[in-house]
Every structure is written in C-alpha cells, then in structure tokens.
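These are the residues of each chain, in order.
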Amino acid sequence: MKRFVALIRRASSAPMIDAPKFPVVCRCATWTRASPLPPHARYLATHQPPDLNTTGNIWNNWKTLDCMLGKGHCRGKKITVKPSKMKNQEKKEVEIKHLMTMSELAQAMNKDIDHVYEALLSTSEDLGDLEPNTVLSEKWIKEAIKRCGMKYKWAIVVETKDRENKDIQRRPPPNVANLATRPPVVTIMGHVDHGKTTLLDSLRKSQIAAQEVGGITQHLGAFLAFSAMRARGTLVTDIIILVVAADDGVMNQTIESIQHAKKAKVPIIIAVNKCDKPQADPQKVKHDLLAHDVVCEELGGDVQAIHISALKGENVLELTEATATLAEVLELKADPSGLVEGTIIESHTDKGKGPVTTVIIQRGTLKKGCILVAGRAWAKVRFLFDANNKAVTNAGPGTPVEVVGWKELPSLGEDILEVESEQRAREVVEWRTYVDEQNKLKEDQMMIEAKQREHKDSYKRERQNLAHLSWKQKRAALYHANKHRMACRLSEKAETKHLSLPLIIKGDVDGSVEAILDVLESYDGDEQCQMNIVHFGVGDISENDINLAEAFSGTVYGFNVSANKSIQDMAARKGIPLKLHHVIYHLIDNLKEDLSRKLPPTTEENIMGEATVLATFDVTVGKKKMPVAGCRVQKGQLNRKMKFRLIRGKKILWEGSLTALKHHKDDVQIVKAGMECGLSLDEVFDFNIGDEILCYEEIEKLQKISWEPGF
C-alpha cells in the first residue's frame, strides 16, 4: 500500500513540474533555440530513467547544451541546437507465459517489482489489490512490457502428455449366481430425547445411554444425530426405524428423518415409544404422520407402527420381528467374493490406534492385510473391531466394522475400494491428489478472472461518470475519492471491517465435527456479525489451535475433546477463549451468546417525566442574563441528573442537561407530578409558553443474534 501511495503521488504531481531553467552565462550576441521542447518532454528529460530511447536523447541534448553554455563556447556565435538522430536500439525481449504473477513478470523483465507497478499506473488495473503473487491477465502483461519500452515473445512451452488415469472404480454389478443373503443395515432415527438410545440398549443389550452425558447420545455408533449424519446414513441403510415419542408427537428432526428416508427411498418402520406414560397418545402420532405422507397399516397404508416402551422393554421383540420380516420381503443379497467395496460412515483419530474408520461392507469380505483406498487416503488393514469393540478376523456384506491401519484419516461418506498392492494404492492416491489440485487451480483462475472483470467494470463506470471533466478535474476527483483508502493503514482497515467471530472447531470424531459444521451452515446472521470458521479438525486441543486463535483473534470450541494443563495455561496467558462442551446443544447455545456479545448495545429511551412551560423570565447570573422557564410537571417526575429535551409543536429544538432546577427558591434534585418548578438549560435558548420539556434516560440494551439453528 505504501508503494501504491508513493506511485499515485508521483503521478499526480508530474504535470505540475516544469523543466529546469538553464542560466544563460555566455555573452553571445544572439542565441535562438531551433526546436524548443514542450513542458511534458522537458519533465521526462529530467525525471525518467535513461534506458528509454527518446528520454536518453533529450537528456543528452539538454546536458550538452548546458555544458556548452556554461563553458562559454558560444561567444560571439549564433548557436542552433538541433535534435540528434536517434540510434536504432534493439528492444529487449521478454519471455511471457500465461498466468504470470507480478514477481514473475518483474523477474522476466530483469527489473524491480516497483517497475511493474509504475508501468501499470494510470490503467484500469486496481493497484491496491496487486500483490507480488497476484496473477496478471495477458492484456496487462503485454501492456506493462510495452510501457517499459520492451517487446514480448511467448515462451516455448514443452508439450506434456496427458497423465494416464490411474483411478479405481467400483466393479460392475455381480453375477446373480454369486449373490448370498446378507443381514440388513438398520438405522434408528428420530427427534432428540425420544428414546433412540434406550431402544438400542434394549436391542443390542448395550449400555450406550448410561455412558452418554445427560442421556443424549452424541455418536454415530448409537444413532445418526443430525441432518448431515441422517443424510449419510440413508445412503448405506436398508431399513429405518423412526422413533417417535407418544407424548411429544412429530417434531422437527422427525420430519427431517422422514425427508431423508423418502429421498433415499428407504422403507420406514414407526416405533411409537414411551407408550407407558400416562399422557401418551399413539393414535395422535399416527394421524400427525399423515401430514408427511407416512400412512400406517391400520390407516390403510403400508408402514408398520409398533407401540413400544424402550425403557421397560415392552414390545421390543415385536419390533425386532417386524424388522426381520421387512428384511425378508426386501430380499437383501450381496456378493461376498472378490475385492472389497464399502462406505465410510465414521472416522476419528484414536490415541492408541491412530486413524480409525467405521465402515459398512457392501461387497466382498474384508480381512486383515487388505489394501484399501478411500478418497486421498489408503490403508493396510492391521485390526478389525466389531460394534462391541471386539477384535474380528473378517467382515462380510452388511456388517459394520472398525478399521485400523490408515496412513491418513479419510473423510466421511468416501467409498472404500480394495486394490491389489500398496503400489497400486499409492498410484490411486497420487492421481486423485493431482486431479483435486488441477480442479483447485481452475477454480482459483475463475475467481481471479471474475475479480479482474469486476475491477474493469468498476473502472469503466468511474471513468464514464467523470467523462465531462477535464483531466485536472478528473485527477482531483479520483484523488479525493480514493484518499481514505490509500492513506489507511492495514491496522485501521481491520478496524473498519464488519464485526466477525473467528472460530476454531475441534471434535472427538469426524462425524461430530461434520454435525457441528452442518448446524453452522444454517447461520444467517452475517449482516449482524460474520462467522468465520478458521480451522476445524479431529482431536484434542493443540498448541497450533491456540496459535491460530491468537493470529485471528478467535475462539476455540471443543466437543468431547480435552485440553491439557499446559494448553489451558497457554490459552489463558494469550487471552484466548477456550470453550469445551460435551453436549452439542450447549455448544451451539454458547456460540449464540458469543455472537450476541459481539454486537454493539442498542440505546433505548425511557421517558421519566413531562412538563409544560407556563411562563418565561430572565435571571441575571453574574453579568449574563439566563432565560428561565417556569413549568408544571404533568406526568412522572423531572430528575436533574437525567437528560432533557425541548419540544415545540412536533419539532425537537434542543437536547442536553439542566444547569439549574428549582422549586420556589430552593435547588432540588427531583420535581414530581403536579408541582411547579423553574429550570434553565445548558445552552442559551428562548422559551415559548406552551413548550414541552421531556425528562428521559438512555438505557443500553444488549442485542441478540437473530440466528436460530432450529433446535
């Protein structure tokens, strides 16, 4: 920015500088100048660098003339200065290529980068946004070279052969003869606290609910807690058990679950839970479901509805039988032979095991030693664990299994595919990384071109608005329009930006982080305060997280993770807010509070009293006469410590404080309704009979963020 300001100042001052006046020291009879140079050329002669062709000759001509005049070679002679002939100088060639940056162009020209900035001065290119690593368009690369008195040539590009596609895809559909019956993948969904975990406890004889904080399950191993997890779960599931509490009925997340199931075309079984409660109304639940096109069998539809009490274990066996019956009707089969195919439904980093994923096997049989690829990560399977965390040797289709042995943590929802060797796995990962990088480059280039078009259009509009002005008026108008932006330091610019809350999000597993990000995706309060997610990841709070928060003045939120004593001390020492939560709803509530605290308080007026002016008179104070209003308080009370307002008709004439408030001859602090008083203002103001005096106080009220995440 300093460089940009210096260039602007230099350009804006250029036309105002005339050429130096040469002292005539010779005593010649006559002296005439054959071809006087215009002021602009004389300016160039004294200011431009000597490597430009015309400038060098002009400079030499004036210098030679000055020397001649100074040494007295012209005595008694008539001297005529003729412009010397320009020597044909070879213009320097600059090799250019597409997508050159500012620094690359300066290097190719063998010039300092300031030279490139100066060459682009007085063009439509916005110099304020140009950085050394900014990519220039072909037009401005050529323009800069031309303005520097050089010529360009395209660099010879060595043609590279297209890289061979090394990716791997799923196998073609299997032969029907190889298919075998597989167990169903069942997903339990529903609203918060409707009994999903308790139902799983009854079905799997586990104690998941007892281990969860507050009885609210947070992990995918129990159920899909949020819409992001629900959407992922429906891609691999065969049957959805939708749990609806008989006392609460259909709620927001119940509706979301229904929508995901319909979108994925997955059949539903309704488990009407908590039927043992006195206020339970299963029939109302079934009728409410009709509004969402879920028609139970007893109402003429094809959806099974089982009345259960998960807490007491009532009718849980009937629900199991209904699930098994539906699985038989669906005739679920898969090919257990050949290379493994599956989908990742959970991933996290374990301190002892390293990167760990939970996988649903869809084809083949997974065994220890298999080489797997998922996205841009690969693994050689070292251990397999079932849903009860017991080690197993293999896992067939329809089986959820925990896989240990990943080199890096893959993302949720990625397909896992088995390959023949580690070398093949590396080839696939390298190819996918290359493709992602190329796509990223294309996206970046599109953004750059869009930004350049925006600047160009803005420049054209600005020039059109100034088309009727002279060049001096244009220069002055542009200078005043951009003065605040050019002179503003970076620290000052940061202060003028919109309110924002930078966030660092850490979670225990990838699914938890995804669920939090899914909730944050619904944020719609940017007009009040922007929410900037600086970093998110899996694992405990680290020193890097604290450093990031310090750099961006952000807040660290952790979900089901810990921060050791040294990390907590480091955060406290640097003043970094560290918020650790074990219930996701509490985390979101805390985030809403932090966003609200970022907002400036609003000021509300509380009218405390009203008075009417009945008479006016002057009082001498020292050598000055002060106007005084005799008033009667109509409502409330007048308090001298508060603020006052003078109203005449509907127009506010004055606002401020009182210098005196008297009842009879006594100075008073408060005058109540029905009492008369005299008062004077902190400004000299003439009162009229009938004016109204309002006494009010200003109360600061904290704003609240308008964002409602929906739960």
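Residues numbered from 1 in each chain as written. Predicted model: local features only at pLDDT ≥ 70, side-chain atom pairs only at ≥ 80, totals over all residues. Heavy atoms only, no water.

A.B. asks: What should I look at first to understand the overall build of the protein in this one?
C.D. replies: Scanning the protein for helices and strands turns up 19 helices and 30 strands. For the protein, the proportion of contacts with a sequence separation of at least 24, taken over those separated by at least 6, is 72%. Here the protein has roughly 40500 Å² of accessible surface; of this, 51% comes from carbon and sulfur atoms. (Helix = DSSP H or I, 4+ residues; strand = E, 2+ residues; numbered from the N terminus. Contact = heavy atoms within 4.5 Å. Areas by Shrake-Rupley, 256 points an atom, 1.4 Å probe, with all protein chains shown as cover.)

A.B. asks: So what exactly am I meant to see when it comes to the sheet that holds strand β7 (residues 304–307) here?
C.D. replies: Backbone-to-backbone hydrogen bonds pair the strands of a sheet. The strands run either parallel or antiparallel. In spatial order, the strands read β4-β5-β6-β7; together these four strands make up an open sheet with parallel pairing. What marks the edges here is a single partner per strand, and that holds for β4 (186–190) and β7. Shown here is a sheet whose adjacent strand axes are inclined to one another by a mean of 25°, direction ignored. Here strand β6 (residues 268–273) runs beside β7; their pairing, made up of four bridges, is parallel. Bridge pairing in β7 places Ile270 opposite Ala305. Against the sheet, helix α10 (residues 252–264) engages β4, β5 (239–245) and β6, with an angle of about 165° to β5. Running over the sheet, helix α12 (residues 316–330) touches β4, β5, β6 and β7 and is turned about 150° from β5. (Pairing = 2+ DSSP bridges. Axes fitted to C-alpha atoms, helices over the stretch in contact; angles between N-to-C directions.)

A.B. asks: Would you mind going over unusual backbone geometry with me for this structure?
C.D. replies: Trans peptide bonds make up the majority, and among non-glycine residues the majority have a negative phi. Look at Lys274: it is not a glycine, yet its phi comes out positive at around 60°. You can see Lys274 is positioned in the loop between β6 and α11 (282–290). Unlike most non-glycine residues, His664 shows phi in positive territory, near 60°. Note on placement: His664 falls in the loop between β26 (658–663) and β27 (666–667).

A.B. asks: Quick question: what am I supposed to make of the pairing of β6 here?
C.D. replies: The two faces of the sheet receive side chains in turn, since in a regular strand these alternate between them. Across the six residues that make up β6, a large majority, six, are buried. Burial along β6 is two-sided: the residues Ile268, Ile270 and Val272 and Ile269, Ala271 and Asn273 are all buried. Following the backbone out of β5, through α10 and into the adjacent parallel β6, one traces a crossover that is right-handed. Handedness of the crossover joining β6 and β7 through α11: right-handed. (Buried < 20%, exposed > 50% of the residue type's maximum accessible area, 1.4 Å probe, protein only. Right-handed = clockwise from strand over helix to strand, strands pointing away.)

A.B. asks: Can you help me understand the confidence of the model for the protein in this one?
C.D. replies: Residues shown with low pLDDT carry predicted positions that ought not to be read at fine detail. When pLDDT is averaged along the protein, the result is 79, and 78% of the positions lie at 70 or above. Contacts from residues 12–87, a stretch scored under 50 in pLDDT, to residues over four places away or in other chains number 66 contacts. Across residues 486–496, confidence stays below pLDDT 50; counting only partners more than four residues off in sequence or on other chains, it has 10 contacts. (pLDDT = per-residue confidence, 0-100.)

A.B. asks: What is the right way to look at helix α17 (residues 543–552) in this model?
C.D. replies: In an α-helix, one turn spans 3.6 residues, which is why side chains three or four residues apart end up on the same side. Along α17, the positions that sit buried rather than exposed are Asp545, Ile546 and Ala549. Down the axis, α17 shows its buried residues gathered within 100° of arc, on one side only. Looking at the buried residues of α17, the elements they touch are β18 (500–507), β19 (530–538), β20 (555–559) and α18 (565–574). Of the residues flanking the end of α17, it is Ser553, one or two places downstream, whose phi is positive at about 55°. (Arc of directions from axis to C-beta.)

A.B. asks: What exactly am I supposed to notice about the sheet that holds strand β21 (residues 578–581) here?
C.D. replies: Taken in spatial order, the four strands of this open sheet run β19-β18-β20-β21, and their pairing is parallel. Here the strands that pair on one side only, and so sit at the sheet edges, are β19 and β21. Strand-to-strand twist across the sheet, computed as the mean angle between neighbouring axes with direction ignored, equals 20°. Direction of pairing for β18 relative to β20: parallel, over a ladder of five bridges. Following the sheet pairing, Ile505 is matched in β20 by Tyr557. Sitting on the sheet, α17 is in contact with β18, β19 and β20, with an inclination near 170° to β18.

A.B. asks: For this particular structure, what's the right way to read the side chain of Thr343?
C.D. replies: Mapped onto the fold, Thr343 is located in strand β9 (residues 341–350). Using a relative accessible area of 9% as the deciding quantity, one classes Thr343 as buried. Within polar-contact distance, the side chain of Thr343 engages the side chain of Gln362 at 3.1 Å. Contacts of Thr343, omitting those with residues within four sequence positions, involve Arg170, Val236, Thr358, Val359, Ile360, Gln362, Gly413, Glu414, Asp415 and Ile416. (Polar contact = N/O pair within 3.5 Å; in protein donor to acceptor, adjacent residues only side chain to side chain.)

A.B. asks: For this particular structure, what's the right way to read the pattern of salt bridges?
C.D. replies: Pairing between side chains of opposite charge can happen when their charged atoms approach one another. One pass over the structure, following the stated rule, counts 36 salt bridges. Lys262 is paired through a salt bridge with Asp293; the nearest N and O atoms lie 3.8 Å apart. You can see Lys262 sitting in helix α10 and its partner Asp293 sitting in the loop between α11 and β7, a full 31 residues away along the chain. By relative accessible area, Asp293 is classed as exposed at 63%. Connected through salt bridges with shared partners, the residues Arg170, Arg171, Asp335, Glu341, Arg363 and Asp415 form a single ionic network. (Salt bridge = Lys/Arg side-chain N within 4 Å of Asp/Glu carboxyl O.)

A.B. asks: Is there a simple way to think about the packing of helix α16 (residues 510–520) against helix α19 (residues 584–598) in this case?
C.D. replies: To characterise two packed helices, one gives the angle between the axes of the helices and the distance between these axes. Two elements in contact, α16 and α19, have axes separated by 11 Å at closest approach and are oriented at 40°. Taken together, the axis directions place α16 and α19 in an arrangement best described as oblique. Note on packing geometry: the crossing formed by α16 with α19 is right-handed. Taking contact as the criterion, the partners of Ala515, Ile516, Val519 and Leu520 in α16 are, on α19, Ile584, Leu587, Ile588 and Leu591. Grouping the constituent residues of the contact of α16 with α19 by class yields eight nonpolar, no polar and no charged. (Parallel < 35°, antiparallel > 145°, perpendicular 65-115°, else oblique. Left-handed = near helix turned anticlockwise from the far one by under 90°. Nonpolar A, V, L, I, M, F, W, Y, C, P; charged D, E, K, R; others polar.)

A.B. asks: Could you clarify how one ought to interpret α10 in this entry?
C.D. replies: Look at α10: 19 Å from first C-alpha to last across 13 residues, which is about the 18 Å you get at 1.5 Å a residue. Buried within α10 are the following residues: Gln253, Thr254, Ser257, Ile258, His260 and Ala261. An end-on view of α10 places all buried positions within 165° of arc, on one side of the element. Residues of α10 that are exposed and point more than 90 degrees away from the buried face comprise Gln259 and Lys263. (Expected span 1.5 Å × (residues − 1).)

A.B. asks: Sorry if this is basic, but what is going on with a nonpolar patch on the surface here?
C.D. replies: A cluster of nonpolar side chains, Phe617, Val619 and Val621, forms an exposed patch at the surface whose accessible area comes to about 250 Å². Mapping Val619 onto the fold places it in strand β22 (residues 602–621). Under the relative-accessibility criterion, Val619 is labelled partly exposed at 34%. (Patch = residues over 30% accessible without salt bridge, like charges linked within 9 Å, V, L, I, M, F, W, Y side chains within 5 Å.)

A.B. asks: Can you help me understand the packing of aromatic side chains in this one?
C.D. replies: When we look at a pair of aromatic rings, we describe it by the centre distance and by the angle of the planes. If you walk through the whole model with that rule in mind, you get three aromatic pairs. Ring geometry for Phe383 versus Phe385: centroids 6.3 Å apart, planes at 35°, classification tilted. Its relative accessible area of 39% is what places Phe383 among the partly exposed residues. Ring geometry for Tyr523 and Trp707: centres 5.3 Å apart, planes at 75°, overall edge-to-face. Here the residue Tyr523 occupies a position in the loop between α16 and β19, and Trp707 occupies one in the segment after β30 (692–701), the gap between them amounting to 184 residues. As far as burial versus exposure is concerned, Tyr523 and Trp707 are alike and both buried. Seen from the ring of Phe385, Lys353 lies directly overhead, with NZ or CZ sitting 4.0 Å from the centre. In this structure, Arg645 packs its charged tip against the face of Tyr696, placed 4.3 Å from the ring centre. (Phe/Tyr/Trp six-rings, centres within 6.5 Å; stacked < 30°, edge-to-face > 60°. Lys NZ or Arg CZ within 6 Å of the ring centre and 35° of its normal.)

A.B. asks: For this particular structure, what's the right way to read the environment of Pro267?
C.D. replies: Structurally, Pro267 can be placed in the loop between α10 and β6. For Pro267, a relative accessible area of 26% puts it in the partly exposed group. Considered as a pair, Pro267 and Ile240 are 27 residues apart in the sequence and their alpha carbons are 6.3 Å apart.

A.B. asks: Can you walk me through the environment of Thr187 in this structure?
C.D. replies: One can find Thr187 in strand β4. A C-alpha to C-alpha distance of 9.8 Å links Thr187 and Ile268, two positions 81 residues apart in sequence.

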